[in-house]
Amino acid sequence: MAKVTILGATGNVGVFAAHTISEIPYVSDMLLVGRPGREDFLAGCCRDLSDSFAARGTDVRLSYSTSILDAKDSDVIICTAGVPRRPGQDRNDLAFENAKIIAETAETIGRSSPDAILFLVTNPVDVMTAVALKYSGLQPRQIFGLGTHLDSMRLKSLIAHYFRVHVSEVHTRIIGEHGDSMVPLWSATTIGGIRISNLPTFSGLPVQEMIETVRTSGEAIIRDKGSTVYGPGEAIATLIRTILGDENRILTVSSYIKSEIHGIGDVCIGVPARINRDGVFPVPLSLEESEVAGFRESVKKIRKVTAGVMERLEEVR
Ligand SMILES: NC(=O)C1=CN([C@@H]2O[C@H](COP(=O)(O)OP(=O)(O)OC[C@H]3O[C@@H](n4cnc5c(N)ncnc54)[C@H](O)[C@@H]3O)[C@@H](O)[C@H]2O)C=CC1
Ligand SMILES: O=C([O-])CC(=O)C(=O)O
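The shown structure was predicted, so the numbers you read here are calculated from the model rather than taken from an experiment.

J.: What is the right way to read the site of ligand 2 from this model?
T.: Surveying the vicinity of ligand 2 reveals the residues R85, R91, N123, L150, R154, H178, G218, I222 and T228. Take R85: an N or O atom from its side chain is 2.7 Å from an oxygen atom of ligand 2. One of the side-chain N or O atoms of R91 is found 2.9 Å from an oxygen atom in ligand 2. Partitioning the shell around ligand 2 into residue classes produces two nonpolar, four polar and three charged. Two domains each donate at least three residues to the shell around ligand 2, and these are domain 1 (2-145) and domain 2 (148-308).

What follows is the structure in structure tokens.
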């Protein structure tokens, strides 16, 4: 049985993630961490969630704290703390403000929870994963970000809808930045186990339109309802179930790669990774030429934003 801690638990994503994670059978303890001053809200969340556990028959010990130090002994620590973007903003506009929060958080976790797996949700998530890796001192396998897993799920849903098949029949991946430079892997997309390009109807697929829909999905949801909650919340729970269940699923998350993809590496970015109780292990793979070119561009962009943020962090810390 496992202890899971959520940082930023008073936020939209954090509180819904608490609900989805509580359904995972391996979770025995869940700690909600918020900022000082938010004790009443956290207490209210615990009471409300406990009611849902009673109604559902869930047996999870729930507690709250305003200190990250109480995350000690956690198997997984999820970080949703930080500012979200407002309509009209790019995720990268949040980079420096959130990097300051993540650097401090990661330092504390590195000292107080050296065996935990740290899971970043805060945006821009690829850059935050790199910041957490540097400032926590944890091993690369212990740190990952939600990356392009949610983007991959969004594309999966569009493809399933187009072909009128159950989503479980569709396997697809988007790699690279969780942002504008993301790269769809059509070469790794199958329906019912059949490579999508082998289906005669593939030629009519509105590929560009689909990718544009995925690229702008977060922005559109934020414009319409203020924040994305249910998609990220369920995606977070999938990752937690995969880790705690030692499932060895291959999911597309932001992870540190050395040179696993066509020799490209030394960056934290969305790639397929095998995930189990020991953490996250990027899978070496070879791609089609156009996909490699797109991935290179995405890496170049993330490296530039990451380097800029690291430099500014050095100045203020
Ligand atoms: N990677 C992904 O796919 C997704 C990432 N996100 C990101 O997750 C983050 C949270 O999003 P929401 O829950 O919608 O935002 P929110 O504003 O509802 O919640 C933010 C949380 O962070 C905490 N926080 C803010 N500033 C802090 C600071 N200086 N120190 C400690 N805690 C602080 C708040 O108290 C609150 O608990 C954002 O950065 C958002 O962009 C959201 C959805 C999907
Ligand atoms: O778009 C945002 O800012 C939130 C997010 O990352 C997503 O839902 O993909």
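J.: Explain the packing of aromatic side chains here, please?
T.: Scanning the entire structure with this criterion turns up four aromatic pairs. Measuring from ring centre to ring centre gives 4.4 Å for F119 and F144, while their planes differ by 20°; the resulting arrangement is stacked. Placement of F119 in strand β5 (residues 117-120) and of F144 in strand β6 (residues 143-145) is noted, with a sequence separation of 25 residues between them. Residue F119 shares its accessibility class with F144, and that shared class is buried. With 6.2 Å between their ring centres and 55° between their planes, W186 and F202 make a pair best called tilted. Taken together, the positions of W186 in the loop between β9 (183-184) and β10 (190-191) and F202 in the loop between β11 (194-195) and α6 (207-215) put the pair 16 residues apart, joining distant regions of the chain. Relative accessible area serves as the criterion here: at 16%, W186 is assigned to the buried category. Sitting over the face of the ring of F41, R38 holds its NZ or CZ atom 4.6 Å from the ring centroid. The ring of F96 carries R312 above its face, with NZ or CZ at 3.8 Å from the centroid.

J.: Even after reading the chapter, I still don't get the domain arrangement of the protein, so can you show me in this structure?
T.: One frequently used descriptor of interface size is the decrease in accessible area upon assembly of the parts. Domain annotation for the protein reports domain 1 (2-145) and domain 2 (148-308). On a C-alpha basis, the centroid separation for the pair domain 1 and domain 2 is 22 Å. Residue-level contacts link 36 residues of domain 1 with 42 residues of domain 2. Interface of domain 1 and domain 2: buried area, both sides summed, is about 3200 Å²; carbon and sulfur atoms make up 69% of it. Among the ionic pairs, R277 bridges to D75, the shortest N-O distance being 3.2 Å. In this structure, the connection of domain 1 to domain 2 is made through ten residue pairs in polar contact (both at pLDDT 80 or more). Only β1 (2-7), α1 (12-21), β4 (76-79), β5, α4 (125-136) and β6 provide two or more residues apiece to the side of domain 1 that touches domain 2.

What counts as what
Residues numbered from 1 in each chain as written. Chains lettered and ligands numbered in written order. Predicted model: local features only at pLDDT ≥ 70, side-chain atom pairs only at ≥ 80, totals over all residues. Heavy atoms only, no water. Near = heavy atom within 4 Å. Polar contact = N/O pair within 3.5 Å; in protein donor to acceptor, adjacent residues only side chain to side chain. Nonpolar A, V, L, I, M, F, W, Y, C, P; charged D, E, K, R; others polar. Domains from an automatic or database assignment. Phe/Tyr/Trp six-rings, centres within 6.5 Å; stacked < 30°, edge-to-face > 60°. Helix = DSSP H or I, 4+ residues; strand = E, 2+ residues; numbered from the N terminus. Buried < 20%, exposed > 50% of the residue type's maximum accessible area, 1.4 Å probe, protein only. Lys NZ or Arg CZ within 6 Å of the ring centre and 35° of its normal. Contact = heavy atoms within 4.5 Å. Buried area = accessible area lost by both parts, 1.4 Å probe. Salt bridge = Lys/Arg side-chain N within 4 Å of Asp/Glu carboxyl O.

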